[in-house]
Amino acid sequence: MITLPPGVRVLVWPAPVDFRRGMDSLAALVQVTLHLDPFAGDVFVFRSRRQDRVKLILYDGTGLILITKRLEDGRFKWPPVTDGVVRLSALQLSVLLSGLPWERLQVPPIPRPTVAC
């Protein structure tokens, strides 16, 4: 399981990419197309056409990391793209990488403190 620090941005690329691309090519894609810095600590998620593979790139402060995962059974449940890149929370990314339907995730309501009178 991949654990991310709180507050990290997770950005899902809107369209499938050629999975022959390596980390440098994916980082260049982020820089040229999104005008974002792939070395800023954000996580960028890329999917294949077959929807059973995913690549992530992130910078950990010392170097660029490339993570690849292939599901042996089933497909990843990808979020719908509305206006370019999709943002996910760290928890949603963890569920997505497990191959589970991340959209069913429900955030529990925050209980209000009771004041005794």
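What counts and how
Positions within a chain are numbered from 1, following the residues in the order the chain's sequence is written. With pLDDT at 70 or above as the cut-off, local features in this predicted model cover only qualifying residues; side-chain atom pairs require 80 or more to be listed or tallied, and sums for whole chains, interfaces and linings still use all residues. Based on all heavy atoms of the structure, the side-chain values leave hydrogens and waters out of the count. Comment: elements are numbered from the N terminus, with helices defined as DSSP H or I runs of at least four residues and strands as E runs of at least two. Two strands are counted as paired when DSSP detects at least two bridges linking them. Comment: axis = line fitted to C-alpha atoms, over the contacting stretch for helices; angle = value between 0 and 180 degrees taken between N-to-C directions. Residues count as neighbours in contact if any of their non-hydrogen atoms are within 4.5 Å of one another. In what follows, salt bridge is the name for a side-chain nitrogen of Lys or Arg lying within 4 Å of a carboxyl oxygen of Asp or Glu. Relative accessible area decides the class of each residue, using a 1.4 Å probe on protein chains only: under 20% of the type maximum gives buried, over 50% gives exposed, and in between gives partly exposed. Planes of paired rings set the category: under 30 degrees apart is stacked, over 60 is edge-to-face and the rest tilted, where pairs are Phe, Tyr or Trp rings (Trp by its six-membered ring) whose centres lie within 6.5 Å.

Along the polypeptide, Leu96 turns up in helix 2 (residues 90-97). For the pair Leu96 and Lys77, spaced 19 residues apart in the sequence, the C-alpha separation amounts to 6.5 Å.

What follows deals with the sheet that holds strand 5 (residues 86-88). Spatially, 5 strands are ordered 4-3-2-1-5 in an open sheet, and the strand pairing comes out mixed. In the strand order of this sheet, the two ends are held by strand 4 (64-70) and strand 5, each with one partner. Adjacent strand axes in the sheet meet at a mean angle of 25° when their direction is disregarded. Pairing geometry for strand 3 (residues 53-59) and strand 4, over 7 bridges, is antiparallel. Across the sheet, Arg53 pairs through a bridge with Arg70, a residue of strand 4. Helix-sheet contacts for helix 2 involve strand 1 (10-12), strand 2 (43-47), strand 3, strand 4 and strand 5, and the interaxial angle to strand 5 is about 95°.

The next point concerns the pattern of salt bridges. Tallied over the entire structure, the rule returns 4 salt bridges. Of the charged contacts, one joins Arg9 and Asp42 as a salt bridge, the two residues approaching to 2.8 Å between their closest N and O atoms. Taken together, the residues span a long stretch of sequence, with Arg9 in the segment before strand 1 and Asp42 in the loop between helix 1 (23-34) and strand 2 at a distance of 33 residues. As a salt-bridge pair, Arg20 and Asp18 come within 2.8 Å of each other at their nearest N and O atoms. For Asp18, a relative accessible area of 34% corresponds to the partly exposed category.

One pass over the full model with this rule turns up 2 aromatic pairs. Summarising the aromatic geometry, the rings of Trp13 and Phe46 are spaced 5.6 Å apart at their centres and angled 35° between planes, so their arrangement reads as tilted. Residue Trp13 is found in the loop between strand 1 and helix 1, and its partner Phe46 is found in strand 2; the two are separated by 33 residues along the sequence. For the pair Trp13 and Phe46, a shared accessibility class is recorded, and that class is buried. With a centroid separation of 5.5 Å and 85° between ring planes, the pair formed by Phe39 and Tyr59 is classed as edge-to-face. You can see Phe39 sitting in the loop between helix 1 and strand 2 and its partner Tyr59 sitting in strand 3, a full 20 residues away along the chain.

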